[in-house]
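Listed below are the residues making up each chain.
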Amino acid sequence: MQSVPAHASGGCACMSAVGLRQLAASGRHHKALALLRHTLLFYPQPPIPIASLLPSALLAAAALSLPAAAFHLHAISLKSGLLPSDAYVLTTVVTAYSRLRLLPLACRLLDELPAAEIATSAFNALICGHALASSPSPAALATFRRMRLAGVPFDDVTFLALLPAAPPASIPPLHGVAFRSSLVFAPSVSNCLLSCFSRIGAVDVARQLFDEMPDQRKDLVSWNAMISCYAQNGLAHQVLAFYDKMKESTSVEPDAITLIGVLSSCANLGAHSIGRRIESFINQKDSYASNTHIKNALINLHAKCGDLARARKVFDEMHLRTIVSWTAIIAGYGMHGHGDEALFLFDKMLEEGIKPDEVVMVSVLSVCSHVGMTDKGMEYFASMKTVHGIMPSREHYACMVDLLGRAGQLKEAWDLIVSMPMEPDSPIWGALLGACKIHKNVELGELAFEKVSKLDPTNVGYYVLLSNIYSDAGRLDGVARIRAIMKQNGLKKDPGCSYVDYKGKVHLFMADDHSHPQANRIYKMILQLEAMVKNDNRVYRNKTTENLPLTGIHSEKLALTFGLLNTESGEEIVVIKNLRVCEDCHHFMKTVSHIVNRKFIVRDASRFHHFEGGACSCKDYW
DNA sequence: GTAGGGTTAG
């Protein structure tokens, strides 16, 4: 007959282990730790079934941010002789320290052991810890090397932890390792590799990986990863094409993640009718009704497609708003020129106790810059460090250079760049260059160009900006020089294009484009409008047009005129343009809005312009 | 019992 205590204790410990796991899994970590304390009272002596209790308890300590509890449990693990040999306990100690932001302790633990004796799972946990602490993480890669050198087998989990944190240059060789070890054949690993190549901008390699996956191994995640790949690399047209392809495929059904990728591409393209179709599909599904990510994508869609009221409606009707929702609506008001409402919402967000992050601060600063609230922008920039504890990044500096530069404070913008604690990047110098164009400063423009063309030599926009600076200053020698450099480097100016999403179809126009079926009617009307604009004394007061060289018909004039010809008064016209609208076209549109007594909206590369009654919502500040 | 892939805002 078994001794009663032994039998009873075994059963009780077993129950404790189950109970602890359940408590930890359901988030009741305090109860889990209390149960462990209670159990330990009955089992003061090792080696007892503590082995089965420690992992859950360690994770509970990490979840509760209780380093002292983790130290205690670590000590128990050592005292009971479970460490260093018990793989489960070793792995969870590493995980607990990683999650408690005590990565050095996790490192030391494994550093002191012979690598060959460390279990795969413990190495995986450490790689994961490195990934958690920083990304990209050379240390994660170094841990993987140590593992391989010691001959410790790696598995799919190793790759899933390592790949997202791997430095860009190590992705192709890791792909090779995954291939040789046959791990690429695990769908999760190939999906992960796919998104890694996406992250480093290797879209073609990502697509190749997708195409090489046998159909039965392509799952929903593979399709979504490919859609995100196109979306994040700015290939919105490919997203829509790929989405169509996905709908044809019988093996997968789009889910919320698919739709989010597609919606964001519709937003970037201004493809409002496709976006609205997806929205009505979404509204039919109850399961999406409370999906915050979807709602955020819809706010972004409507705002970027010109329907701010609808964006606001989605925002107002949300049950749970995250900082992303706030950022989307704030940026929306900003790009439509409603700086006051945007900043009011930001203050409201703070009142609701939401802590601002780097991203929302970028939006707030760019709102200030777009609407010319220079002082307000300076205040917010200063408050980042002093009030919110956010260190300004290059992106924030770029906003500030833009803010000061647009306002004509070129010297202050320059001083800010010089005072930066990190090396300025091309968008920062580009912002200064743009400001020099607005304020016609050749000397500083040349300086900014010199910097920016070293950092981003193939970006045509910068050459065009400097060329326009020279042109405005009557420096034709400069214009010729830039043109020569561009030719020498094989750089071509991005062609301007504009389009209107009319009755579900996109009508695209290039400059001087005659290919549209209605081209004759459109040009005839433009000529009439141009003549009327020249004679319009009311808006014409601020001269300029007469002296402008006739540079052909820009695409936005064609798209707008198409819109005017095909819609009734009161109907929405949204023109979307890939580049910034020029002064001549801007003046033309203001005047036309007065002459034909219509409202219309133009989205250019940087913001929205609402034209009505001879004026623009940007107040000529863009 | 431990380690883990694809999602939104700029």
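Residues numbered from 1 in each chain as written. Chains lettered and ligands numbered in written order. Predicted model: local features only at pLDDT ≥ 70, side-chain atom pairs only at ≥ 80, totals over all residues. Heavy atoms only, no water.

1. A short note on the protein's contact with DNA strand B
Not every one of the 39 residues close to DNA strand B is listed here, only the nearest: Tyr 88, Ser 121, Cys 128, Asn 191 and Ile 260. The share of sugar and phosphate among atoms of DNA strand B within 4 Å of the protein is 49%. At a separation of 3.1 Å, a base oxygen of DNA strand B approaches a polar side-chain atom of His 293. Of the residues forming the surface near DNA strand B, the biggest block, five residues, is contributed by helix H5 (residues 87-99). When grouped by side-chain class, the residues that make up the surface near DNA strand B number 14 nonpolar, 17 polar and eight charged. (Near = heavy atom within 4 Å. Polar contact = N/O pair within 3.5 Å; in protein donor to acceptor, adjacent residues only side chain to side chain. Helix = DSSP H or I, 4+ residues; strand = E, 2+ residues; numbered from the N terminus. Nonpolar A, V, L, I, M, F, W, Y, C, P; charged D, E, K, R; others polar.)

2. Describing the UniProt feature "repeat: PPR" (unreviewed entry) in chain A
With numbering aligned to this structure, UniProt lists the feature "repeat: PPR" (unreviewed entry) at residues 219-249 and 322-356. The span residues 219-249 shows a helical share of 84% and a strand share of 0%, and its end C-alpha atoms are spaced 11 Å apart. Between the C-alpha atoms that bound residues 322-356 there is a distance of 11 Å. The span itself is 74% helix and 0% strand. (UniProt positions renumbered as here; feature names shortened; annotations may be inferred.)

3. A closer look at the pairing of strand S2 (residues 505-510)
As defined by bridge partners, strand S1 (residues 497-502) adjoins S2 across six bridges and the pair is classed as antiparallel. In the sheet register, Asp 501 faces S2, and the bridge partner there is Val 506. Two successive antiparallel strands, S1 and S2, enclose a turn made up of two residues, where Lys 503 displays a positive phi of approximately 50°. (Pairing = 2+ DSSP bridges.)

4. Overview of unusual backbone geometry
Here the amide bond leading from Leu 83 into Pro 84 is cis, since omega sits at 5°, within 30 degrees of zero. Among the structural elements, Pro 84 can be located in the loop between helix H4 (67-79) and H5. Here Ser 135 and Pro 136 are connected by a cis peptide whose omega angle stands at 0°. A positive phi angle, near 55°, is found at Lys 440, a position not held by glycine. With respect to the helices, strands and loops of the structure, Lys 440 is situated in the loop between helix H25 (426-438) and helix H26 (442-455). In this structure Lys 440 comes out as exposed when scored by relative accessible area, which is 53%. Phi angles above zero are rare outside glycine, and Lys 619 is one such case at about 50°. Checked against the element boundaries, Lys 619 lands in the segment after strand S6 (615-616). (Buried < 20%, exposed > 50% of the residue type's maximum accessible area, 1.4 Å probe, protein only.)

5. Details of the packing of helix H27 (residues 460-472) against helix H28 (residues 476-488)
Contact pair H27 / H28: the axes reach a minimum separation of 8 Å and the direction vectors enclose 160°. Taken together, the axes of H27 and H28 lie roughly antiparallel to each other. Crossing of H27 against H28: the hand is left-handed. Listed contacts from H28 to Val 460, Tyr 463, Leu 466, Ser 467, Tyr 470 and Ser 471 of H27 are Gly 478, Val 479, Arg 481, Ile 482, Ile 485 and Met 486. (Axes fitted to C-alpha atoms, helices over the stretch in contact; angles between N-to-C directions. Parallel < 35°, antiparallel > 145°, perpendicular 65-115°, else oblique. Left-handed = near helix turned anticlockwise from the far one by under 90°. Contact = heavy atoms within 4.5 Å.)

6. What about helix H24 (residues 410-419)?
Residues of H24 that are buried: Leu 410, Ala 413, Leu 416 and Ile 417. Here the buried residues of H24 occupy an arc of 120° about the axis, which is enough to place them on one side. Away from its buried face by more than 90 degrees, H24 exposes Lys 411 and Val 418. Those residues of H24 that are buried are in contact with helix H22 (374-386), helix H23 (394-406), H25 and H26. (Arc of directions from axis to C-beta.)

7. Examining the environment of Gln 238
Mapped onto the fold, Gln 238 is located in helix H14 (residues 236-248). Note on Gln 238: relative accessible area 34%, which makes it partly exposed. For Gln 238 and Ile 227, which are 11 residues apart along the polypeptide, the C-alpha to C-alpha distance reads 8.2 Å.

8. Considerations on helix H6 (residues 103-111)
Taken together, the buried positions of H6 are Leu 103, Ala 106, Cys 107, Leu 109 and Leu 110. Taken down its axis, H6 places every buried residue within 160° of arc, on the same side. Facing away from the buried surface of H6 by more than 90 degrees, the exposed residues are Pro 104 and Asp 111. Contacts made by the buried residues of H6 are with H4, H5, helix H7 (120-133) and helix H8 (138-149).

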